[in-house]
Amino acid sequence: MQLPAPEAVPWLLPALDLTGIFVFGLSGGLLAVRRHLDLFGAVVLALTAGLGGGIVRDLLLGDVPPVALRDIRYLVAGMTAGLVAFVAHHQLERIGRAVRVFDAAGLGLFAVAGAAKAVAFSMNALTAILIGVLTGTGGGALRDVLANEVPLVLRREIYAVAALAGAVVVVVGDLVGAPPAPVAIGGAVGTFVLRMVALRLGWHAPRATGPAD
Amino acid sequence: MQLPAPEAVPWLLPALDLTGIFVFGLSGGLLAVRRHLDLFGAVVLALTAGLGGGIVRDLLLGDVPPVALRDIRYLVAGMTAGLVAFVAHHQLERIGRAVRVFDAAGLGLFAVAGAAKAVAFSMNALTAILIGVLTGTGGGALRDVLANEVPLVLRREIYAVAALAGAVVVVVGDLVGAPPAPVAIGGAVGTFVLRMVALRLGWHAPRATGPAD
Amino acid sequence: MQLPAPEAVPWLLPALDLTGIFVFGLSGGLLAVRRHLDLFGAVVLALTAGLGGGIVRDLLLGDVPPVALRDIRYLVAGMTAGLVAFVAHHQLERIGRAVRVFDAAGLGLFAVAGAAKAVAFSMNALTAILIGVLTGTGGGALRDVLANEVPLVLRREIYAVAALAGAVVVVVGDLVGAPPAPVAIGGAVGTFVLRMVALRLGWHAPRATGPAD
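Residues numbered from 1 in each chain as written. Chains lettered and ligands numbered in written order. Predicted model: local features only at pLDDT ≥ 70, side-chain atom pairs only at ≥ 80, totals over all residues. Heavy atoms only, no water.

**Side note on the overall build of chain A**
For chain A, the helix and strand inventory stands at nine helices and zero strands. Of the contacts made within chain A by residues no fewer than 6 positions apart, 79% connect residues no fewer than 24 positions apart. Carbon and sulfur atoms make up 69% of the accessible area of chain A, which amounts to about 7900 Å² in all. (Helix = DSSP H or I, 4+ residues; strand = E, 2+ residues; numbered from the N terminus. Contact = heavy atoms within 4.5 Å. Areas by Shrake-Rupley, 256 points an atom, 1.4 Å probe, with all protein chains shown as cover.)

Below you can see the structure in the form of C-alpha cells.
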C-alpha cells in the first residue's frame, strides 16, 4: 500500500465526488420511479448509483473505510438526490432520457475523480486510468444490476470508452504538470459530451451475426 | 487503517455472526428451493446470503482476509443452514414467508454485528452506523441478485431503515458506555420486530405517480 | 495483513492468471454474442469474466490495487479474448456449449491461481482453499449477473465443487512440499475434467420437491 501524495488542490476531489454523487443519485432515483419503486427504493438506488463507484475506487486503492462512509456530506448528497428525483420527476417528460443524461454527467465526474485520486495515491498511469474507468462505470452498473436492468455499460458503444477518455485526460494532465482543476473539469466535460453525442447520434458498435443457440 | 480496540466481550461478535449466518443461510437455502434450484444451488445461496454481509463489512474495514474465510465455523454454519433448508422445507407451508422471516432475523443480527465490529475498530459514529446497514443488507442483496429477484432492500419501505435502527442502538450504546451484549441483543431484536411489524401491517412508502416512459 | 512469502516459481502465477483471463474472456465474449450485444459489450463481458475473479482474490488478500489493474498484460489478454470471441464465433456451431467449455477451463486455472496466491501470502489451508473457490467462481458469476443470466454456479452441481477440488490439490501439494508448477497444472486439469465430465454425463444434484409459493 502506497502513501497518498499531498494533494495540491484539497477541495478538488470532494467537489468532483459530491457533484458526481448528486447527478448519479438523480439517475438512480429516476430509474426507481421508472420501475415503480417506492420512496425508499428511490433513496436506495440513488445511494447505490451515487456512492457505489467511489466505494469501489477506495476498495481498489486500499483507502478503507471508503470516504463515502466517513464523510456525512457524501450520504447527504446521495439521499438528497433520491428525494429530489422522487418529488421532481413530474417536471420531466421523458424519464428514461433524463436517467441517461444524469448518468452521463456522473460518468464524467467519477471517471475523473477516480483517476485523480489514483494519481494522488501515486499509482502508475495505467492503474490510474483503469481505476478511473471502474469508478465511473461502477456505480451505474450496481444501480442497473439491483434494478434488474441490462447495464448501460453493456448496451452502448461509447460508454466505458467515454469514461476512458476522461481518465486519460487527467493522467496525461498530471504527467505534463498541467493544473489539476481545469484538467479535471475538462476531462469530465469531455466524457459527458462524448457520451451525449454518441447517444444523440445513435452510434452503435457492430453486432455479431451468425450461429447462436 | 486504525488498530482494533481491545474487545470487552470477545464472544459477542462471533456469536452474532454465527447466528446471523445460520438464519440468513436458511433464507438463502429456502429461496433456492422456491426457485427450483438443486442441492448445490441451495448451499451456494445459503453461503452467499450468510457470508456476504460479513465479507463486505470486513473489506470495508480493511480486515482482510475476511473472518468468514479464516474461521471454519463460519463456513460450517452457512453450509449447515443450506442443507437444513433443503431437507426441512416440507415442514414449511409458505416458503416465501419463511424466507422473509429468516431474512429479518439475519438483518438484525448483521446490522448489529457490523456496527459493533466497526466500533471495535474505532470508527466514528456515522461510519459505524453505515457499515452496520451495509453489513445487514449486503448478504441479502447478493442473494437476491444471484437468484435474479428484485432485492428486498428495494421492495419494502422498512428494510434498510430497520437495519439502521439496530446499528444506531449499538453506536449510541457504545457512546453512553452501556454493556455491549444486552445492547447488541436489544438492537437485533428491535430491527427484527420493526421489520416484521412492517411486513405484517403491509407498510408501504409512497410510490411516484406521473409520466414514465 | 501478512507479508507475502517469497514465491519459489515467479512465472507460475502470472502464467495461470493470463491463461485463465484469456479462456474466461472467451466465455464472456461468446456470451455477449449469444445475447446479441455489440462489440463493446463483448469486450466488457470478456474483461468482467477474465479479470473479475482475480480482482476479488486480490481484494480478499489485501493486495491492492489488484494486479489486474497494475499489469498491462492482464488488460491486453482480456481485451484480446473479447475481440477473438466476437470475430471468431462463426467457427463455433454451438456457442452455449463453447461458453461452458471455456468457462470450465477458466474455473480450473483461477481456482488454482487463487489458492496458489493465498498460499504465497501465508494464508492457512482453509482460507487458501476458500479464496481459490471464490477466485474460480467470481469472474463467471459477475459475467452472468451483468448479462442477466442465472449464474452457472447456481445451476449445476459440479461447479463450485470442481473449483474446490483444484484448490485442495494446490493446498495439499504445498503442505507435502510438492513442486508447485506440476501441482498447479494437475489441479487445473483436474477441475476442468471433473467439470466437463459432469456436463457431459448430465450429473445433477437432487432438486427439492414439496410445497412452494
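**With respect to the pattern of salt bridges**
Applying the stated criterion across every chain, the model contains 27 salt bridges over all chains. D144 of chain A is the partner of R143 of chain A in a salt bridge, and the nearest nitrogen-oxygen pair spans 2.9 Å. There is no split in this pair, since R143 of chain A and D144 of chain A are both buried. With a closest N to O distance of 2.8 Å, D71 of chain B and R73 of chain B form a salt bridge. By relative accessible area, which is 17% here, D71 of chain B ends up buried. One connected set of salt bridges, linked through shared partners, spans D17, R57, D58, D63, R70 and K117 of chain A. (Salt bridge = Lys/Arg side-chain N within 4 Å of Asp/Glu carboxyl O. Buried < 20%, exposed > 50% of the residue type's maximum accessible area, 1.4 Å probe, protein only.)

**Some points on the packing of aromatic side chains**
All names here are of chain B. Scanning the entire structure with this criterion turns up three aromatic pairs over all chains. Geometrically, the ring pair formed by F24 and F110 is stacked, given 5.7 Å between the ring centres and 25° between the ring planes. Here F24 is found in helix 1 (residues 12–34), whereas its partner F110 is found in helix 5 (residues 95–120), with 86 residues between them in sequence. Owing to a relative accessible area of 0%, F24 belongs among the buried residues under this scheme. (Phe/Tyr/Trp six-rings, centres within 6.5 Å; stacked < 30°, edge-to-face > 60°.)

**Some details on the side chain of D17 of chain A**
Residues and elements named next belong to chain A. Tracing the backbone shows D17 in helix 1 (residues 12–34). On the basis of relative accessible area, D17 is assigned to the buried category, the value being 2%. Ignoring any residue separated from it by four or fewer positions in sequence, one finds D17 in contact with R57, V67, Y74, F110 and A113.

**Quick word on unusual backbone geometry**
Of the consecutive residues V64 of chain A and P65 of chain A, the connecting peptide bond is found in the cis state with omega at -10°. Mapped onto the elements, P65 of chain A comes out in the loop between helix 2 (39–61) and helix 3 (67–70). The backbone of S122 of chain B shows a phi angle near 65°, a positive value even though the residue is not glycine. Of note, S122 of chain B is situated in the loop between helix 5 and helix 6 (125–146). According to the relative accessible area criterion, S122 of chain B is partly exposed, its value standing at 36%.

**Details of the environment of L109 of chain A**
Residues and elements named next belong to chain A. As for its placement among the helices and strands, L109 is situated in helix 5 (residues 95–120). C-alpha separation for the pair L109 and V197, spaced 88 residues apart in sequence, amounts to 17 Å. The contact partners of L109, leaving out residues within four places of it in the chain, are L16, T19, G20, V23 and A188.

**Topic: the packing of helix 5 (residues 95–120) of chain C against helix 9 (residues 180–201) of chain C**
Residue and element names in this part refer to chain C. Relative to each other, helix 5 and helix 9 sit at 150°, their axes nearing to 8 Å. Helix 9 is crossed by helix 5, and the crossing has right-handed handedness. On helix 9, the residues touching R97, R100, V101, A104, A105, L107, G108, L109 and V112 of helix 5 are A184, G187, A188, T191, F192, R195, M196, L199 and R200. Partitioned by chemical class, the residues of the contact of helix 5 with helix 9 number 11 nonpolar, three polar and four charged. (Axes fitted to C-alpha atoms, helices over the stretch in contact; angles between N-to-C directions. Left-handed = near helix turned anticlockwise from the far one by under 90°. Nonpolar A, V, L, I, M, F, W, Y, C, P; charged D, E, K, R; others polar.)

**Quick look at the confidence of the model for chain A**
Residues and elements named next belong to chain A. When pLDDT is averaged along chain A, the result is 89; 90% of the residues meet or exceed 70. For residues 1–6, every residue scores under 50 in pLDDT, and the model assigns this stretch 13 contacts once sequence neighbours within four places are set aside. Confidence estimates for the predicted assembly give a pTM of 0.91 and an ipTM of 0.88. (pLDDT = per-residue confidence, 0-100.)

**Here's the deal with a nonpolar patch on the surface**
On the surface, a nonpolar cluster with roughly 430 Å² of combined accessible area is contributed by L164, V168, V172, L175 and V176 of chain A. Counting through the fold element by element, L175 of chain A comes out in helix 8 (residues 160–175). (Patch = residues over 30% accessible without salt bridge, like charges linked within 9 Å, V, L, I, M, F, W, Y side chains within 5 Å.)

**Considerations on helix 2 of chain A**
Residues and elements named next belong to chain A. Here helix 2 spans 33 Å end to end across 23 residues, near enough to the 33 Å set by a 1.5 Å rise per residue. Taking the largest bend as the criterion, helix 2 deviates by roughly 40°, centred on L51. In terms of burial, helix 2 is largely enclosed, as 20 of its 23 residues are buried. If you check the start of helix 2, you find a side-chain oxygen 3.1 Å away from the backbone N of F40, and it comes from D38. (Expected span 1.5 Å × (residues − 1). Bend = angle between axes of the 7 residues up to and from the residue. Polar contact = N/O pair within 3.5 Å; in protein donor to acceptor, adjacent residues only side chain to side chain.)

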